[in-house]
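An overview of the molecular structure
Each chain is listed here by its residues.
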Amino acid sequence: MNKVNLLDLDRTALQAFFLDLGEKRFRTEQVMKWIYHEGVTDFAAMTNLSKPLRARLDQLAEIRLPQLLQPRLSSDGTRKWLVQLAGGNCIETVFIPEEDRGTLCVSSQIGCILDCTFCATAQQGFNRNLSTAEIIGQVWLAHHALGGGRAGSREISNIVLMGMGEPLYNFRNVVPALNLMQDDLAFGLSKRRVTLSTSGVVPTIYKLREVSDVSLAVSLHAPNDALRNQLVPLNRRYPLSELMAACSAYIKGLQPRRITWEYVMLDGVNDSDAHARELITLLGDIPSKVNLIPFNPFPQARYRRSPPDVIDRFRQILTAHGLTTVTRKTRGEDIEAACGQLAGQVQDRSRRHRPVRMSAA
Ligand code: SAH
C-alpha cells in the first residue's frame, strides 16, 4: 500500500485524513507544527502524540521530502539548489536575499510545456507536474538550509512561483502548496508575499481567483498579439484581449494590490518607444506595476539584452505616464540562477506537447 505523504496535504486535507482515522481535529495542528515549525519529519519524535498513534502514522503515512543537491552561491549572495526528485529528475530553487527581504523562487513543474522563445527552461522540454509535497518541500528544505528558525525569525519573507514550469498548468497541486505557504501552521506568509507568475492561462486565472487571492504576476513581454504570438506561443490560444479581461477580474477587490507585469527586454525586438506607448494603452486602467527584466542569456539563445540606456528610456516613458515601473536587478547570473536561466536536469523530455493542445488545468 502506498503511504500518504503528509506534505501533499494542506490543512483541510490533513483534517480529513485525521477524521478518517477517527482522530480528533487538533491532531492536525499538532502534526503541522511538528512538520513546519519544528522541522520534524519522523513520527517517533512527535512526543505529544500517543505511542499508538505514532505507530499508526508510521504504517499509513510518511513525510517525504525531495533532496537538496549541490547548493551554489553567487557572488551577489543568491543561492541556487538543484533539487532531486523521485525518478531522478532535478529541478531548481533559488533564494534571493535583499536588504529588506528574502525571496524564494520555487519551481512547479519538471521542465515546461510552454515554448517561450527566450527562456532556457523551454529548451528542456517537459517531463511532469510536481506534487504538492515537491513544491512545498522546496520551501521546507530552503527554510532549513538557510538556518530555519521559528516563524518571525525567518530568512524567507516572500515566495514567488517563478521557477521552472507553468504553475497554472499544475493547478491541482499548486493550490494546496499556496495554502501551506500562507497557513500560520506552516509558513504563515501573507497573501501579498506569495506571488504566482503565469504566462496567461486565462481560464485558470479565473479559477485561481475562486480559491485564492495570492499576488499575480503575468509574463507579458509584448504589447500586441502579433509580437506576443512569437515570444509566448500560448498567446495564440489566449490572446491579449482575453488575458487583460482575466487580469482585471482577478485584481478586482484586491486593491491596493496590483498586477505585476513582467516584461523581458530584448534588444530590437520589444524595446522601442512605440512598444512602450502601446503597452501603456494595453494596460489601460488595470492597477499595474511593470517589472522590466533585462534578458538573461543562455546557450543557444537567439536574443540579446537591450542596452541599459534603452531600458532606462522605456522605463521613463512608462513612469512619465504614471505607471510604476522598476527594472529588475539581475541576480545570480554567475550561477545561472537568473530569470529564464533555470534548466534543472530533465530526463525523458518526450512528453512535450504543443501548448495549443493542453487542457487548462
Ligand atoms: N511559466 C510562468 C512561471 C515562470 S516565471 C511564467 O511564464 O510566468 C519566469 C519569468 O522569467 C517569466 O516572466 C519569464 O518570462 C522570465 N524569463 C524567461 N526567460 C528569461 C530570460 N532569458 N531572461 C529574463 N527573463 C526571462
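The rules behind the values
- Residues numbered from 1 in each chain as written.
- Predicted model: local features only at pLDDT ≥ 70, side-chain atom pairs only at ≥ 80, totals over all residues.
- Heavy atoms only, no water.
- Helix = DSSP H or I, 4+ residues; strand = E, 2+ residues; numbered from the N terminus.
- Buried < 20%, exposed > 50% of the residue type's maximum accessible area, 1.4 Å probe, protein only.
- Near = heavy atom within 4 Å.
- Polar contact = N/O pair within 3.5 Å; in protein donor to acceptor, adjacent residues only side chain to side chain.
- Areas by Shrake-Rupley, 256 points an atom, 1.4 Å probe, with all protein chains shown as cover.
- Nonpolar A, V, L, I, M, F, W, Y, C, P; charged D, E, K, R; others polar.
- Axes fitted to C-alpha atoms, helices over the stretch in contact; angles between N-to-C directions.
- Parallel < 35°, antiparallel > 145°, perpendicular 65-115°, else oblique.
- Left-handed = near helix turned anticlockwise from the far one by under 90°.
- Contact = heavy atoms within 4.5 Å.
- Salt bridge = Lys/Arg side-chain N within 4 Å of Asp/Glu carboxyl O.
- Pairing = 2+ DSSP bridges.
- Arc of directions from axis to C-beta.
- Domains from an automatic or database assignment.
- Buried area = accessible area lost by both parts, 1.4 Å probe.

**Section: unusual backbone geometry**
Along the chain, Q255 connects to P256 via a cis peptide bond; the corresponding omega equals 10°. Checked against the element boundaries, P256 lands in the loop between α9 (240-251) and β12 (259-265). Positioned with a positive phi, Q300 is a non-glycine residue whose angle comes to about 70°. According to the relative accessible area criterion, Q300 is exposed, its value standing at 71%.

**Digging into the site of the ligand**
Around the ligand sit 21 residues, and of these F118, S197, S199, S219 and H221 come closest. F118 is positioned such that a nitrogen or oxygen atom in its backbone is 2.8 Å from a nitrogen atom of the ligand. Here an oxygen atom of the ligand sits 2.6 Å away from a polar atom, N or O, in the side chain of S197. Bound to the protein, the ligand loses 95% of the 540 Å² it would expose on its own. When residues of the shell around the ligand are traced back to their parent elements, those giving at least two are β10 (194-198), β12 and β13 (288-294). Residue composition of the shell around the ligand, grouped by class: 10 nonpolar, 9 polar and 2 charged.

**Thoughts on the environment of D100**
Mapped onto the fold, D100 is located in the loop between β5 (90-97) and β6 (102-105). Considering only alpha carbons, one finds D100 and F314, 214 residues apart in sequence, at a separation of 27 Å.

**Re the packing of helix α10 (residues 273-283) against helix α11 (residues 308-320)**
Viewed as axis vectors pointing N to C, α10 and α11 meet at an angle of 30°, and their least axial separation amounts to 9 Å. Between α10 and α11, the angle falls in the class roughly parallel. Between α10 and α11 lies a crossing of right-handed hand. Taken together, the residues of α11 that come into contact with α10 (itself represented by D273, H275, A276, R277, L279 and I280) are R313, F314, I317 and L318. Partitioning the contact of α10 with α11 into residue classes produces 6 nonpolar, 1 polar and 3 charged.

**Description of the pattern of salt bridges**
With the rule as written, the count across this model stands at 15 salt bridges. The partner of K80 in a salt bridge is E92, and the shortest N-O contact between them spans 3.1 Å. Remark: E92 occurs in strand β5 and K80 occurs in strand β4 (residues 79-84); sequence separation between them is 12 residues. Residue E134 is joined to R128 by a salt bridge in which the shortest nitrogen-to-oxygen separation is 2.9 Å. The exposure class of R128 is partly exposed, given its relative accessible area of 23%.

**Comments concerning the sheet that holds β6**
Taken in spatial order, the 10 strands make up an open sheet running β3-β4-β5-β6-β9-β10-β11-β12-β13-β14, and their pairing is mixed. Of all the strands in the sheet, the pair left with one neighbour each is β3 (67-73) and β14 (324-327). Taken over all neighbouring pairs, the strand axes of this sheet differ in orientation by 20° on average, direction set aside. Relative to β12, strand β11 (residues 215-219) runs parallel, the two sharing 3 bridges. Directly across from A217, in β12, lies its bridge partner T260.

**Describing helix α7 (residues 202-211)**
Among the residues of α7, those classed as buried are V202, T204, I205 and L208. The arc enclosing the buried residues of α7, seen along the axis, measures out at 155°, which places them on a common side. Against α6 (171-182), β10, β11 and α9 lie the buried residues of α7.

**Re the domain arrangement of the chain**
Annotation of the chain at the domain level lists domain 1 (4-62) and domain 2 (67-335). Tallying the contact residues gives 15 residues for domain 1 and 15 residues for domain 2. Around 1,400 Å² of area is buried between domain 1 and domain 2 when both sides are counted, 60% of it from carbon and sulfur atoms. By the criterion of area lost to domain 2, the three top residues of domain 1 are D10, Y36 and H37, representing 42% of everything that side buries. At the junction of domain 1 and domain 2, the tally comes to 1 salt bridge.

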